[in-house]
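# Close look at the chain arrangement
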Amino acid sequence: MDKLLIAVLTIGFVVIVVGLMVVGWMSRRRRQSGLGRPAQAPADLGTTLLETPMLYVGSTYAADPLNRVTTGALGFRAKATLIVASSGVVLGIPGQQDAFIPRDALVGVGRGTWTIDRVVEQDGLLVISWLLGDSTLDSYARLTGSTPIDEVVSTIQGLVPEAQANEASEEATGSESV
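Here is a short report on the structure shown in this document. Quick caveat, the model's predicted, so the values are computed rather than measured.

### Concerning the overall build of the protein
Helices and strands together make up the secondary structure of the protein, namely three helices and 10 strands. Sequence-ordered secondary structure for the protein, helices as α and strands as β, is α-β-β-β-β-β-β-β-β-β-β-α-α. Its C-alpha atoms put the protein at 70 × 40 × 35 Å along the principal axes. Split into buried and exposed, the 178 residues of the protein put 40% on the buried side. Summarising the internal contacts of the protein: among those between residues at least 6 apart in sequence, 64% fall at separations of at least 24. Carbon and sulfur atoms make up 58% of the accessible area of the protein, which amounts to about 10,200 Å² in all.

### A look at the pattern of salt bridges
Think of it this way: side chains of opposite charge can pair up when their charged atoms draw near. Applying the stated criterion to the full structure yields two salt bridges. Across the pair Arg111 and Asp150 runs a salt bridge, and its minimum N-O distance is 2.6 Å. With a gap of 39 residues between them, Arg111 in strand 6 (residues 106-112) and Asp150 in helix 2 (residues 149-157) connect regions that are remote in the sequence. With its nearest N and O atoms 3.0 Å apart, the salt bridge here joins Arg142 to Glu121. Here Arg142, found in strand 10 (residues 135-143), pairs with Glu121, found in the loop between strand 8 (118-119) and strand 9 (125-132); they are 21 residues apart in sequence, far enough to count as distant.

### Quick look at the pairing of strand 5 (residues 99-102)
Alignment of strand 4 (residues 88-92) against strand 5, held across four bridges, turns out to be antiparallel. Across the sheet, residue Val89 finds its bridge partner in strand 5, namely Ile101. Linking two consecutive strands that pair antiparallel, namely strand 4 and strand 5, is a turn of six residues; a positive phi of about 80 degrees is found at Gly95 within it.

### Overview of helix 1 (residues 2-31)
Quick reminder: α-helices carry 3.6 residues per turn. Residues three or four places apart thus point the same way. Across its 30 residues, helix 1 extends 43 Å between first and last C-alpha, which sits within 8% of the 44 Å expected from 1.5 Å per residue. The buried count for helix 1 comes to zero of 30 residues, which makes it a mostly uncovered element.

### Quick notes on helix 2
Turning to helix 2, its buried residues are Ile149, Val152, Val153, Thr155 and Ile156. Buried residues in helix 2, looked at end-on, bunch into an arc of 165 degrees, giving them a common side. Here the buried face of helix 2 lies against strand 1 (48-61), strand 3 (78-85), strand 4, strand 6, strand 9 and strand 10.

### Focus: the pairing of strand 9
Two faces belong to every sheet, and in a regular strand the side chains alternate between them. The buried fraction of strand 9 amounts to seven of the eight residues, a majority that puts the element mostly inside the structure. When strand 6 meets strand 9, the two strands line up antiparallel, connected through six bridges. Among the inter-strand pairings, Leu106 is bridged to a residue of strand 9, identified as Trp130. Here seven bridges tie strand 9 to strand 10, and the two strands are oriented antiparallel to one another. By the bridge assignment, Ser129 is partnered in strand 10 with Asp138.

### Description of the environment of Arg28
With respect to the secondary-structure elements, Arg28 resides in helix 1. Between the C-alpha atoms of Arg28 and Asn67, which are 39 residues apart in sequence, the distance is 9.4 Å. Excluding anything up to four places from it in sequence, Arg28 contacts Asn67, Arg68 and Thr70.

### Things to note about the environment of Gly75
Mapped onto the elements, Gly75 comes out in the loop between strand 2 (64-68) and strand 3. Sequence-wise, Gly75 and Gly58 are 17 residues apart; in three dimensions their C-alpha atoms are separated by 6.6 Å. Not counting residues within four places of it along the chain, the set of residues in contact with Gly75 comprises Trp25, Arg68, Val69 and Thr70.

Cut-offs applied
- Residues numbered from 1 in each chain as written.
- Predicted model: local features only at pLDDT ≥ 70, side-chain atom pairs only at ≥ 80, totals over all residues.
- Heavy atoms only, no water.
- Helix = DSSP H or I, 4+ residues; strand = E, 2+ residues; numbered from the N terminus.
- Buried < 20%, exposed > 50% of the residue type's maximum accessible area, 1.4 Å probe, protein only.
- Contact = heavy atoms within 4.5 Å.
- Areas by Shrake-Rupley, 256 points an atom, 1.4 Å probe, with all protein chains shown as cover.
- Salt bridge = Lys/Arg side-chain N within 4 Å of Asp/Glu carboxyl O.
- Pairing = 2+ DSSP bridges.
- Expected span 1.5 Å × (residues − 1).
- Arc of directions from axis to C-beta.

Below, the structure is given as structure tokens:
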């Protein structure tokens, strides 16, 4: 009887914890419902500049790097494909609608070492900063193909509108002097 009671209590505890996790996730999605969804990739992306496999790690608000964005295909880590084209950047996540970042929504690109639940070697993550509605997001990816991360960074940097790149560098300079 003691073993049965322990098993029932353990199963009950696990069910409660999983239930709380689901409620928390649904609550986060509801709070972020005003954010909108990433655009769908157009049929004609223009010239494909680069395509490489990656592990999509996640997206966060730029001002709040511990707050995961759950809208559209951005909510879960997945094996994916990064396509950089003349019209923008596509995060191709299997089983989800591709997340398209139009060229004029790009704010910046760089390298990072950590995000929400992932820490890698120094500068081992690709970080793409972009606008979704009025919010600036950072999307993180770990490249898994043979394309060097510096090549991907420079290719995407070539797409960032000059005015937005200047604003991003001024913000970075301002935050370093504080």
